[in-house]
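# Summary of the model geometry
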Amino acid sequence: MDRLANTVRPYAWGSTTAIPELLGVRPTGEPQAEMWMGAHPGAPSRVDRGAGPVALSEVIAADPEGELGADAVRLFGPRLPFLLKVLAAASPLSLQVHPDLAQAKEGFADEEERGVPADAPHRNYKDANHKPELICALTPFNGLCGFRAPNEAAELLAALEVDSLKPYVDILHAHPESHALREVLTAVLTADPEAMTETVRQATAAAERLGAQDGPHAPAYAAYASIARHYPGDPGVIAAMLLNFVTLQPGEALYLGAGVPHAYLEGLGVEIMANSDNVLRCGLTPKHVDVPELLRVVRFESAAPAVLRPEADSSGEELYTTPIDEFRLSRHVLADGAAPRPLPTTGPQILLCASGEVSLRGADGELPLKRGESAFVPAGEEAALSGDGTVFRATVTA
């Protein structure tokens, strides 16, 4: 068992207080957006096995089968296949989609063949892997996830009473679903910038008005107006109006598969994802937007957000079920005085204490974890949890 020393990423959209409060430290006044737990090369966690702090990525590279287990290495290669994060959003992240595995391999190979530098701002594919992800709320958490049904999106846009949006309303009413969503998103992202800036200005004013009134879409209108205040004139504001607005309550989660447009807006959550940096952006960002590649990857299908709630097994472990092998997220809600809960030994594990104080006991002793602290347990190592608190457990499905 290893206590993890983790890096906090200071992205501009991050909260200045949420992660410091979780960790019980004084805020610095700067944004603290994400705390990374894992072996991602951009900011690997560090462990100390007696010779000083070492990156977890180096520990795994020195003995992949010993740290990850033979099955995980066979399936995913000699690296930890997931990244666990605490994510603290105070303002919207970019509106984005992720490729599936075949698209990622194809896109990465194409950019490598064309000699696109790895750090080029217009590079789409940083690696050849897909990036499915799961976000679980620790506080009420607002986001956008998946397309609305075209008729519902048309109704929402029409209520804004903005003349320049009426052609989009007509398309959404008149075309089959996939064609309508594709045509409108394409039109929004390729519109004349000056004209779109004025459209966004008018739509924002209307959304602010409607968001302050009673009505079934009032929370969504308020959210869209807030997005526009952060990104005035951005075509992503109109693109966002095609998507479902959702609020997760603490303990609820969303799984985001390939091709599903989404954006996190505000809140504190635990996020787990496959170890990839592949992101294609639709808007709400100053970064590169590759419209043709985006349209190749997006799945133009409407669906209501499928909010996940954990399901407990006989041991008390509560699992968030997802159709992915690279990661598996569960939680343990522990009560003081209860019997220790043995953990499986089949794969690598990262444990995050999200509330209270718990203890991780193994063959070599005991590792106490306070709120915000985390640990790495190598494959094959026996350990058990006890204490009074909530622990998230990240591992592989296989």
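Definitions and limits used
- Residues numbered from 1 in each chain as written.
- Predicted model: local features only at pLDDT ≥ 70, side-chain atom pairs only at ≥ 80, totals over all residues.
- Heavy atoms only, no water.
- Salt bridge = Lys/Arg side-chain N within 4 Å of Asp/Glu carboxyl O.
- Helix = DSSP H or I, 4+ residues; strand = E, 2+ residues; numbered from the N terminus.
- Buried < 20%, exposed > 50% of the residue type's maximum accessible area, 1.4 Å probe, protein only.
- Phe/Tyr/Trp six-rings, centres within 6.5 Å; stacked < 30°, edge-to-face > 60°.
- Lys NZ or Arg CZ within 6 Å of the ring centre and 35° of its normal.
- Axes fitted to C-alpha atoms, helices over the stretch in contact; angles between N-to-C directions.
- Parallel < 35°, antiparallel > 145°, perpendicular 65-115°, else oblique.
- Left-handed = near helix turned anticlockwise from the far one by under 90°.
- Contact = heavy atoms within 4.5 Å.
- Core = buried A, V, L, I, M, F, W, Y, C linked by side-chain atoms within 4.5 Å.
- Arc of directions from axis to C-beta.
- Polar contact = N/O pair within 3.5 Å; in protein donor to acceptor, adjacent residues only side chain to side chain.
- Nonpolar A, V, L, I, M, F, W, Y, C, P; charged D, E, K, R; others polar.

Let us now look at the pattern of salt bridges. Note on pairing: side chains with opposite charge can pair once their charged atoms come close. Inspection of the entire model under this criterion finds 19 salt bridges. For R331, the salt bridge goes to E318, with nearest N and O atoms at 2.5 Å. With a gap of 13 residues between them, R331 in strand β17 (residues 328–334) and E318 in strand β16 (residues 318–320) connect regions that are remote in the sequence. Like E318, R331 is buried. Here E366 and R361 are joined by a salt bridge, their closest N and O atoms 2.6 Å apart. Through salt bridges with shared partners, a single network forms among D2, R49 and E67.

As a further point, take the packing of aromatic side chains. Tallied over the entire structure, the rule returns three aromatic pairs. A centroid spacing of 5.8 Å and a plane angle of 35° characterise the contact between Y11 and W13, whose relative ring orientation is tilted. Given a relative accessible area of 29%, Y11 falls into the partly exposed group. Residues F147 and F300 carry aromatic rings whose centres are separated by 5.6 Å and whose planes lie at 25° to one another, so their mutual orientation is stacked. Within this pair, whereas F147 is found in strand β9 (residues 141–147), its partner F300 is found in the loop between α12 (291–297) and β14 (307–308), the two being separated by 153 residues in sequence. An identical accessibility class is assigned to F147 and F300; each is buried. Here R9 stacks its cationic end above the ring of W36, 4.6 Å away from the centre of that ring.

Here we take up the packing of helix α6 (residues 150–158) against helix α7 (residues 166–174). Packed helix pairs are characterised by how far apart their axes lie and by the angle those axes make with each other. Contact pair α6 / α7: the axes reach a minimum separation of 8 Å and the direction vectors enclose 160°. Taken together, the axes of α6 and α7 are roughly antiparallel relative to one another. Where α6 crosses over α7, the two elements pack in a sense that is left-handed. For the pair formed by α6 and α7, the contact residues are P150, N151, A153, A154, L157 and A158 on the first element and Y168, V169, L172 and H173 on the second.

Along the chain, the position of S15 falls in the loop between β2 (7–9) and α1 (18–23). A relative accessible area of 11% places S15 in the buried class. Setting aside its immediate chain neighbours within four residues, S15 contacts E30, P31, Q32, A88, A89 and A90.

Moving on to the nonpolar core. Judged by nonpolar contacts, the single largest core of 53 residues is most densely connected at L144, L157, L160, L172, I238 and M241. A total of seven residues in this core trace back to one element, the largest contributor, which is helix α10 (residues 218–230). Once residues lying within four places of it in the same chain are set aside, the contact partners of L157 are L165, Y168, V169, L172, M241 and L242. Of all hydrophobic cores here, the second largest spans 38 residues; its members include A39, L56, L80 and C136.

When we look at burial in α6, the residues that qualify are P150, A153, A154, L156 and L157. Here the buried residues of α6 occupy an arc of 165° about the axis, which is enough to place them on one side.

Now for the environment of R123. With respect to the helices, strands and loops of the structure, R123 is situated in the loop between α5 (101–113) and β8 (133–137). Setting aside residues up to four positions removed in sequence, R123 forms contacts with F108, E111, E112, V116, P117 and A118. For R123, the side chain forms a polar contact with the main-chain oxygen of Y125, separated by 2.7 Å.

Packing of α7 against helix α8 (residues 177–189) brings their axes to within 8 Å, and their N-to-C directions diverge by 165°. Here α8 runs roughly antiparallel to α7, going by the angle between their axes. As α7 runs across α8, the sense of the crossing is right-handed. Contacts between α7 and α8 involve Y168, I171 and L172 from the former and A180, L181, E183, V184, A187 and V188 from the latter. Among the residues forming the contact of α7 with α8, the class breakdown is eight nonpolar, no polar and one charged.

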